[in-house]
Every structure is written in C-alpha cells, then in structure tokens.
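Working through the structure, step by step
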Amino acid sequence: MKPLNPIKLKNGYAHIPRKRFGQNFLHDEKVIDQIIAAIAPSPNDHLLEIGPGQGALTEPLIDSKSKLDCVEIDQDLVKFLNERYCSSVLNVIEKDILKFDIKILDPQPKSLRVVGNLPYNISTPVLFHLLKSHELISDMTFMLQLEVVQRITARAGEKNYGRLGLMLQYHCEVEHLFNVPSTAFTPAPKVGSAIVRLKPYKKKPIEAKDPKILETVIRTAFNQRRKTLRNSLKALLRESKKPSSVDLSLRPETLSLEDYVEISNALTGD
Ligand code: SAM
C-alpha cells in the first residue's frame, strides 16, 4: 500500500491519515461553510460531532457557542484536539462511536443534534446504532458516500431502494442536501460524497405495531431480492393472517414503506 502524505497541522503536529479510520479530512473552506450553514448551529443547541478529526467542522461549531461533545477514536487526534481547544468549549471523548451510548451525554429528549463527516467504512452501522436512540435526537447532518445517501433517500421502484432507506425513512424525515466534490478532502476519497439530513419524527406518519417485526420483514424480503414477497416471506406468513391490500406476487423493490408496515402489522396481530 502506498503511504499517505503527512498533513501538517496548525500547531506543528504531522498526522498521517489512517485508512482504517476512514480519514478523509475536509480542507475546502467553501464546503465547510456550506455544511455549517446547513447545520445552522445556535447557542442553545446540544451538538454531538462524530469523528472531529483535525477540527475542520469542530472549529466553526465551537464558534457557534453551542454545547459541543465529540467522539473520536484516534488517540493522536484526541490529544491534538485537547491541546488545541479548552475543555470548557469542547468535550472530546476518546471512544469508538459504535460502542458509545449517547444517553451518557444526558441530552433532553429529542434535543441532540448529531453531525459529522462520517468514516465511510462504518457509516451504515453508525446510522443503525444511532437509530436505537432516536428518541434523544433532534436531527442528524452527515457527510456520507453519495451512494449511501442515494440508498437512504430512495423511494419504491428507484435504484438503490432497500433495507437502509426503508428503516431510516420509517424513523426519520430524510433529505439529500447537496453533493461534495472529492477535491474538498485530503486525501481525496475515490467515491462521490454528499450531505444528508435525517430528522427523527416526533410522531411517525405511519406506525408499525412492532418495529422489530417490521425490520425482520424488510430484511427477509431484501435478502432474497429476486423472489416475490409470497416466496421470500413464506416462513413468516405461514402462521398468520395475510395482509389484505398488499400484492404478494410483487418483488421487494416495488413495495412502499406503507406496504411493509401493513405486512408487519398483519404478522403482529392485535
Ligand atoms: N471531521 C473531520 C473532517 O471533516 O475533516 C474528519 C472526518 S474523517 C472522514 C472521519 C473521522 O472519524 C476521523 O477523524 C476518524 O478518526 C474518526 N473515526 C473513525 N472511526 C471512528 C469510530 N468508530 N468512532 C469515532 N470516530 C471515528
């Protein structure tokens, strides 16, 4: 593997981006401004930044005077951030976000604003991990691989439609805000990037009686994409009532979220 060039940090540190931590640092001021404008942080906000890295987004977030917690896995970057910023303006927690319970931050219900240029190698597990605490989150604004943003926002029948989009759209309002060119990062990622906003619903427009069953139905259906729902869900449907208004001769990518909720509710019973 070709070694990556060290980046000179403002305080004299040299940090070599670590591929295993998905480190693609933002350096383009215009893009950084655009992301901060999309977040629109205010002094009353409680923000959690995932992967502050060298502080590209962190510094303007500090300027907004909001309460700011950060979770960073790379101990060298944690050391750098702690030396650069006073703990009264920035709380840096050295931890793997996938093992971090956001309840520890003691946010008010529906108050936490989660942001970050996420490490692309673990972005889907991070999203599912955060969904487990959706009741504490007000909104999430993330840089992700463009293809992942397309999966998150895809509707029935569209390319990239599947489990990730359905589960996130069940819990959140989702919006693809804008694309970001690879030239905005060091090193430049080999894939396209985009900013997405996810806003967990205060009251869901459509509610499954048991979200775990909804998840099982969606996972089972998309594990066997080429089969009709009748075939892929055979084992689940055997014991129960069939959903009355969903056409089970269709394939999984043609059914809407409402259809999946209806199937799941038929399986859940009263
Ligand atoms: N926010 C910085 C920026 O925009 O320049 C860095 C973004 S970089 C794409 C991803 C950051 O997430 C890195 O700082 C990396 O060390 C950190 N990271 C990677 N895996 C992580 C994990 N499991 N938990 C917390 N932070 C992680």
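Located above this text is the structure these notes cover.
Calculation criteria
Residues numbered from 1 in each chain as written. Predicted model: local features only at pLDDT ≥ 70, side-chain atom pairs only at ≥ 80, totals over all residues. Heavy atoms only, no water. Buried < 20%, exposed > 50% of the residue type's maximum accessible area, 1.4 Å probe, protein only. Helix = DSSP H or I, 4+ residues; strand = E, 2+ residues; numbered from the N terminus. Pairing = 2+ DSSP bridges. Right-handed = clockwise from strand over helix to strand, strands pointing away.

When you tally the buried positions in strand 5 (residues 67-72), you get five out of six residues, the bulk of the element. The sheet contact formed by strand 4 (residues 46-50) and strand 5 spans five bridges and is parallel. Bridging across to strand 5, E49 finds its partner in C70. For the crossover that starts at strand 4, traverses helix 2 (residues 58-63) and ends in the parallel strand 5, the hand is right-handed. Where strand 5 lies against strand 6 (residues 91-94), four bridges are found, and the strand directions are parallel. Each residue of the ladder has a partner; that of V71, found in strand 6, is I93.

Okay, unusual backbone geometry next. Cis geometry is adopted by the peptide bond preceding P187, which originates at T186 and carries an omega value of -15 degrees. Along the chain, P187 falls in the loop between strand 10 (185-186) and strand 11 (193-200). Despite not being glycine, K65 shows a phi value in the positive range, around 70 degrees. Along the chain, K65 falls in the loop between helix 2 and strand 5. Residue class for K65 comes out exposed when judged on its relative accessible area of 65%. Located in the positive-phi region is D106, a residue other than glycine, with phi close to 55 degrees. By secondary structure assignment, the location of D106 is in the loop between strand 6 and strand 7 (112-117).

Read these as spatial facts, not as claims about activity.
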